[in-house]
Amino acid sequence: MKKINILLILILCMTGCKKEADTTSITGEIKGLGNDTIYLYGVDGLYEQIDTICVKGDKFSHSLKIDTITSAVLLFKKNTEYPIFLDKKNKIKIAGNVNNLSCLNINGNIYNEEFSAFQASLQELDTPSDKALEEKAETFIRQHNFSFASIYLLDKYFVQKENPDFDKIKELINIMAGILQDKPRIGQLTEYIGQLEKVNKDKAAPFFSIPNEKGEKITRTGQFKDKYLLINFWASWCEDCDSTNVELRKINAKYKKSKDFGILGISLDIDKKAWKNKIKQDTLNWEQVCTFTGWDMETAKQYAVQKLPVSILVSPSGRILARDIPADSLSHKVEEVLKKNEKK
């Protein structure tokens, strides 16, 4: 009987050790974070599960099952994001300070170490211009064409900008090694860029017909015929949309009686009640529409919307004048366009 018990204990120990060896661990300390929550989610389609990492006294420890190398993002409070790269059996260690979440020291595999070194090199720059940052990112990508960090930098510095250089993006994708070319994120970026090219500056704005709160179908050629139209893609759950809404309220107050200009809010909400409450709470008193299909909304796909908020300015003839306009530039852009129209 004793022999059987000992055998069972040995089997359980061996099983437990094997299970622990197969998991990927994330441990760390971010000074000043206190007792908080970090959210972890995948960005390349291979690992989409959202995990919650509990922080106590600046420290945290988490484990998860990873089968293959995947890109993910750590989401801190105030929507601060930081990329992290995870592979099977990695022991990831994170160190940093809450006052500088843009420069964490993450190790555990070569990709995290390469990205940490890149972020550290940015700290040495005083106030780098966008061009200087792009040049550093391009240099990194060319020198690390096997690194998963290169995909992140390509997306951040070249794709997610107001006027992407599509030739440059395609060039950088082409120099990436086969291990990266096979990742879903590269396929997603390639598909996104193809769609973005169709709806970038000077391109024709796709047709849409979306119901408003009253159930009326709203179209550009209907209610906004012969008008400059500022389209704003947003959602009630989007915290980054709040600053854009502040600017839109100012613009609406100034031009709501204009015969030449209008604003249209296209929401990616799923919850109708949350959508209505946010419109009322934030006084979003311009035309609002929603299909309650979230990211599956066909219009959002047609306009290559992959983040929120996105603001697009369309001419009376249906030509896209600008897209991905920053919140602090919205008022100036609208004023600039309308003044040019007055001089005609």
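Residues numbered from 1 in each chain as written. Predicted model: local features only at pLDDT ≥ 70, side-chain atom pairs only at ≥ 80, totals over all residues. Heavy atoms only, no water.

- An unreviewed UniProt entry annotates the chain as Thioredoxin domain-containing protein originating from Bacteroides salyersiae CL02T12C01.

1. Observations concerning the nonpolar core
- The biggest cluster of nonpolar side chains holds 97 residues, and the ones touching the most others in it are I94, F233 and F261.
- Residues within four places of F261 in sequence aside, it is in contact with K227, Y228, L230, I251, Y255, L313, V334 and L338. (Core = buried A, V, L, I, M, F, W, Y, C linked by side-chain atoms within 4.5 Å. Buried < 20%, exposed > 50% of the residue type's maximum accessible area, 1.4 Å probe, protein only. Contact = heavy atoms within 4.5 Å.)

2. What to know about helix α7 (residues 184-198)
- If you check α7, its first and last C-alpha atoms are 22 Å apart, about what 15 residues at 1.5 Å a residue would give, namely 21 Å.
- Turning to α7, its buried residues are R185, I186, L189, Y192, I193 and L196. Looking straight down α7, one finds that the buried residues subtend no more than 125° of arc, so they occupy a single side. Seen from the open side of α7, the exposed residues pointing more than 90 degrees away from its buried face are E191 and K198.
- On its buried face, α7 is in contact with α4 (148-159), α5 (166-174), α6 (178-181) and β15 (320-323). (Helix = DSSP H or I, 4+ residues; strand = E, 2+ residues; numbered from the N terminus. Expected span 1.5 Å × (residues − 1). Arc of directions from axis to C-beta.)

3. Brief notes about the pairing of strand β2 (residues 36-42)
- Taken together, the five bridges between β2 and strand β3 (residues 51-55) define a ladder with antiparallel strand orientation. Along β3, the bridge assignment pairs I38 with I53. (Pairing = 2+ DSSP bridges.)

4. A word on the sheet that holds β15
- Taken together, five strands build an open sheet; the order of strands is β13-β12-β11-β14-β15 and the sheet is mixed. Both outer strands of the open sheet, β13 (287-290) and β15, are each paired with one neighbouring strand and no more. Here the strands of the sheet are splayed against their neighbours by 20° on average, with no regard to which way each runs.
- Here five bridges tie strand β11 (residues 228-234) to strand β14 (residues 310-314), and the two strands are oriented antiparallel to one another. (Axes fitted to C-alpha atoms, helices over the stretch in contact; angles between N-to-C directions.)

5. Overview of the state of the cysteines
- According to the stated counting rule, one finds one disulfide in the structure shown.
- The disulfide that involves C238 links it to C241, with 2.4 Å between the sulfurs. On the sign convention where negative means left-handed, the S-S torsion of about 90° between C238 and C241 marks this disulfide as right-handed.
- A residue is classified by how much of its surface remains accessible, and C238, at 6% relative accessible area, is buried.
- The exposure class of C241 is buried, given its relative accessible area of 1%. (Disulfide = S-S within 2.5 Å.)

6. Examining the packing of α5 against α7
- Packing of α5 against α7 leaves a shortest axis separation of 11 Å and a crossing angle of 160°. Relative to α7, the element α5 lies roughly antiparallel. For α5 against α7, the interelement crossing comes out left-handed. Counting all contacts with α5, which are made through F166, I169, K170 and I173, the residues of α7 involved are I186, T190, I193, L196 and E197. (Parallel < 35°, antiparallel > 145°, perpendicular 65-115°, else oblique. Left-handed = near helix turned anticlockwise from the far one by under 90°.)

7. Description of the packing of aromatic side chains
- Evaluated as defined, the whole model comprises eleven aromatic pairs.
- On the numbers, 6.5 Å between centres and 65° between planes, the contact of F118 with Y157 is edge-to-face. On the criterion of sequence distance, the pair formed by F118 in helix α2 (residues 110-123) and Y157 in helix α4 is long-range, its members being 39 residues apart.
- By the ring-pair criterion, three or more aromatic residues cluster together here, those being Y82, F85, F115, F118, F140, Y152 and Y157. (Phe/Tyr/Trp six-rings, centres within 6.5 Å; stacked < 30°, edge-to-face > 60°.)

8. A look at the packing of α2 against α4
- Taken N-terminus to C-terminus, the directions of α2 and α4 make an angle of 40°; their axes are 8 Å apart at the nearest point. Classed by the angle they form, the pair α2 and α4 counts as oblique. Residue-level contacts link Y111, F115, F118 and L122 of α2 to F148, A149, Y152, L153 and Y157 of α4.
- Partitioning the contact of α2 with α4 into residue classes produces nine nonpolar, no polar and no charged. (Nonpolar A, V, L, I, M, F, W, Y, C, P; charged D, E, K, R; others polar.)

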